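Chains, contacts and geometry: an overview
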Amino acid sequence: MNPLLINLNGWEIPLLILVVLILFGGKKIPEFMKGLGKGINSFKRGLNDIEEDIKADTSDKKTSTSSNQ
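All residue numbers refer to positions counted from 1 along the written sequence of the respective chain. Local features in this predicted model are restricted to residues whose pLDDT is 70 or higher, and side-chain atom pairs enter the listing and the counts only when it is 80 or higher, whereas totals over whole chains, interfaces and linings include all residues. Side-chain measures here rest on the full set of heavy atoms in the structure, leaving out hydrogens and waters.

Points about the overall build of the protein
- Helix and strand labels come from DSSP, where a helix needs a run of H or I of at least four residues and a strand needs a run of E of at least two; each type is numbered from the N terminus. For the protein, the helix and strand inventory stands at 2 helices and 0 strands.
- Here the term buried applies to any residue with accessible area under 20% of the maximum for its type, exposed to any over 50%, and partly exposed to those in between, with areas from a 1.4 Å probe on protein chains only. For the protein, the residues scored as buried account for 0% of the 69 residues in total.
- Working definition of accessibility: Shrake-Rupley area with a 1.4 Å probe, residue cover restricted to the visible protein chains. As displayed, the protein has an accessible area near 6500 Å², and 65% of this comes from carbon and sulfur atoms.

Structure follows, in structure tokens:
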């Protein structure tokens, strides 16, 4: 767990949200969250591609070693 989030009390979370709203404004937050969501989806897609490549590579090695015997 993140040690910063453990020490937040109940009243500190709304205060933090209020500060973010003041700093970034109401219009910028949805744009930021949309970009963050796209970034997370892209990251997950990349991880899935890497997993598929690793699985395909290991299955190729298994078939090549069994055909050599």
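Considerations on a negative patch on the surface
- Together, Asp49, Glu51, Glu52 and Asp53 give the surface a local cluster of negative charge.
- By the element assignment, Asp53 lies in helix α2 (residues 12-68). A patch is a set of surface residues, each over 30% in relative accessible area and not in a salt bridge, joined within 9 Å for like charges and within 5 Å for the nonpolar side chains Val, Leu, Ile, Met, Phe, Trp and Tyr. Salt bridges are defined as contacts in which a side-chain nitrogen from Lys or Arg sits within 4 Å of a carboxyl oxygen from Asp or Glu. Positive charges are assigned to Lys and Arg, negative charges to Asp and Glu, while His and the chain termini are left out of the count. In this description, the location of a charge corresponds to atom NZ of lysine, CZ of arginine, CG of aspartate or CD of glutamate.

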